Amino acid sequence: KAGVTQTPRYLIKTRGQQVTLSCSPISGHRSVSWYQQTPGQGLQFLFEYFSETQRNKGNFPGRFSGRQFSNSRSEMNVSTLELGDSALYLCASSLGATLNTEAFFGQGTRLTVV
Amino acid sequence: QQQVKQSPQSLIVQKGGISIINCAYENTAFDYFPWYQQFPGKGPALLIAIRPDVSEKKEGRFTISFNKSAKQFSLHIMDSQPGDSATYFCAASTGGNTPLVFGKGTRLSVIA
């Protein structure tokens with residue numbers, strides 16, 4: 001069974017640009033969550049999608065957005081990039097209708113903003 | 001406001017020793033407590049998880065101890081091996097559809 005796939009693995013962008021990251025969950029999983037991981041703040045929750053609907057949202061500015069498609073694949077977008085957006089962006093998928101089930105993480109996308 | 005406090009930040013243990021990582025929480029509504037292991041360049045992987053109806057759960061060399069009254073839970077790694085060297089995160093969530101809240105992580109180094 002294939003795991004959670006995130007693309008691309010690495011990205012370098014310039015301040016002010018926008019970026020789109022992709023996540024393909026494990027087959028059959030309908031919930032996809034996104035986290036930002038930085039050395040100083042650890043893992044911080046961005047948002048979660050279930051059946052194409054945003055079900056939860058963390059405390060990030062509106063520059064961070066996401067969506068989920070009918071095949072459960074998800075994308076997140078960051079507009080007007082800032083240096084502080086440099087981080088590892090992780091996607092996690094889970095099977096059930098609740099988040100309180102086993103979540104599987106992808107390897108992440110390492111975003112560097114210069 | 002950090003809802004899950006993890007300690008220590010880093011830990012060095014001799015091969016064969018016991019590694020202990022602690023987490024404390026404030027939100028009494030939390031009812032799911034997983035531990036994740038992360039190697040460099042990889043995403044976190046679920047190690048073991050516990051719910052508050054039990055005080056201990058063991059899977060191989062990994063044990064979670066849970067103290068509901070103290071609002072604390074800990075991960076014990078018995079017979080620690082160099083291959084266990086990684087960053088460990090505790091997390092918690094409430095019932096239903098709320099996201100995981102993570103501790104800040106513990107970098108474990110097991111030396112021979």
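Predicted, not measured: the structure shown is a model, and the values here were computed from it.

**Q** Just to check I follow, could you spell out the overall build of chain A for this structure?
**A** Along its length, chain A carries zero helices and eleven strands. Reading the secondary structure of chain A in the N-to-C direction produces β-β-β-β-β-β-β-β-β-β-β. For 114 residues, the compact-globule estimate of 2.2 N^0.38 gives 13 Å, and chain A sits close to it at 13 Å. Across its three principal directions, the C-alpha atoms of chain A cover 40 × 25 × 25 Å. By residue count, 50% of the 114 residues in chain A fall in the buried class. Total accessible area on chain A stands at roughly 5,300 Å², and carbon and sulfur atoms take up 49% of it. Mean positive and mean negative side-chain charge positions of chain A (11 and 6 charges, respectively) differ by 4 Å.

**Q** Just checking my understanding: could you explain the state of the cysteines for this structure?
**A** Here is the idea: a disulfide is a covalent bond, and it sits between the sulfur atoms of two cysteines. Scanning the model with the defined rule gives two disulfides over all chains in all. A sulfur-sulfur separation of 1.7 Å characterises the disulfide bridge that pairs Cys-23 of chain A with Cys-91 of chain A. Between Cys-23 of chain A and Cys-91 of chain A, the disulfide has an S-S torsion of -50° and is therefore left-handed. Pair noted here: Cys-23 of chain A is in strand β3 (residues 19–24) and Cys-91 of chain A is in strand β9 (residues 87–94), with a separation of 68 residues, a long-range link. Each member of the pair, Cys-23 of chain A as well as Cys-91 of chain A, carries the same accessibility label: buried. The disulfide partner of Cys-23 of chain B is Cys-90 of chain B, and the gap between their sulfur atoms is 1.9 Å. Since a negative S-S torsion denotes a left-handed disulfide, the Cys-23 of chain B-Cys-90 of chain B link at about -95° is left-handed. Of the two residues, Cys-23 of chain B sits in strand β3 (residues 19–25) while Cys-90 of chain B sits in strand β9 (residues 86–94), which places them 67 residues apart along the sequence. This pair shows no difference in class: Cys-23 of chain B is buried, exactly as Cys-90 of chain B is.

**Q** When you look at the sheet that holds strand β7 (residues 62–67) of chain B in this model, what are you seeing that I'm missing?
**A** By way of backbone hydrogen bonds, the strands of a sheet pair with one another, either parallel or antiparallel. Residue and element names in this part refer to chain B. The strand order across the open sheet built from five strands is β1-β3-β8-β7-β6, with neighbouring strands paired in antiparallel fashion. If you trace the sheet from one side to the other, it starts and ends with β1 (4–7) and β6 (56–59), each paired once. In this sheet, adjacent strand axes meet at a mean angle of 15° when their direction is disregarded. When β7 meets strand β8 (residues 72–77), the two strands line up antiparallel, connected through six bridges. Pairing of Asn-67 across the sheet is with Gln-72, part of β8.

**Q** Would you take a moment to explain unusual backbone geometry for this structure?
**A** Where the residue is not glycine, phi is negative for most of them; where a peptide bond is considered, it is trans in most cases. For the peptide bond that leads from Thr-7 of chain A to Pro-8 of chain A, omega is -10°, which places it in the cis range. Considering the arrangement of structural elements, one finds Pro-8 of chain A in the loop between β1 (5–7) and β2 (10–13). In this chain, Ser-7 of chain B is followed by Pro-8 of chain B through a cis amide linkage whose omega measures -5°. Examined against the element boundaries, Pro-8 of chain B turns out to sit in the loop between β1 and β2 (10–14). Phi angles above zero are rare outside glycine, and Ser-72 of chain A is one such case at about 75°. One can find Ser-72 of chain A in the loop between β7 (64–68) and β8 (74–78). Positive phi is not limited to glycine here, since Thr-80 of chain A has a value of about 45°. Here Thr-80 of chain A shows up in the loop between β8 and β9.

**Q** Is there a simple way to think about the sheet that holds β1 of chain A in this case?
**A** All names here are of chain A. On the basis of which strands lie adjacent, the open sheet formed by four strands has the order β1-β3-β8-β7 and antiparallel pairing. Of all strands in the sheet, those bounded by a partner on one side alone are β1 and β7. Taken pair by pair, the neighbouring strands of this sheet meet at an average axis angle of 20°, ignoring direction. Sheet topology places β1 next to β3; three bridges connect them, and they run antiparallel. The partner of Gln-6 across the bridge, within β3, is Cys-23.

**Q** Sorry if this is basic, but what is going on with the interface of chain B and chain A here?
**A** Facing 21 residues of chain B, the contacting portion of chain A comprises 21 residues. Roughly 1,700 Å² is buried in total at the junction of chain B and chain A, and carbon and sulfur atoms are behind 50% of that figure. Between chain B and chain A we count zero salt bridges in total. Here chain B and chain A share six residue pairs in polar contact (both at pLDDT 80 or more) between them. Elements with a minimum of two residues in the side of chain B that touches chain A: β4 (30–38) and β9 of chain B. For the side of chain B that touches chain A, the element with the most residues is β4 of chain B, which contributes four residues. Split by residue class, the side of chain B that touches chain A holds eight nonpolar, nine polar and four charged.

About the cut-offs
- Residues numbered from 1 in each chain as written.
- Chains lettered and ligands numbered in written order.
- Predicted model: local features only at pLDDT ≥ 70, side-chain atom pairs only at ≥ 80, totals over all residues.
- Heavy atoms only, no water.
- Helix = DSSP H or I, 4+ residues; strand = E, 2+ residues; numbered from the N terminus.
- Rg over C-alpha atoms; globule rule 2.2 N^0.38 Å.
- Buried < 20%, exposed > 50% of the residue type's maximum accessible area, 1.4 Å probe, protein only.
- Areas by Shrake-Rupley, 256 points an atom, 1.4 Å probe, with all protein chains shown as cover.
- Lys, Arg positive; Asp, Glu negative; His and termini not counted.
- Charge placed at Lys NZ, Arg CZ, Asp CG, Glu CD.
- Disulfide = S-S within 2.5 Å.
- Pairing = 2+ DSSP bridges.
- Axes fitted to C-alpha atoms, helices over the stretch in contact; angles between N-to-C directions.
- Contact = heavy atoms within 4.5 Å.
- Buried area = accessible area lost by both parts, 1.4 Å probe.
- Salt bridge = Lys/Arg side-chain N within 4 Å of Asp/Glu carboxyl O.
- Polar contact = N/O pair within 3.5 Å; in protein donor to acceptor, adjacent residues only side chain to side chain.
- Nonpolar A, V, L, I, M, F, W, Y, C, P; charged D, E, K, R; others polar.

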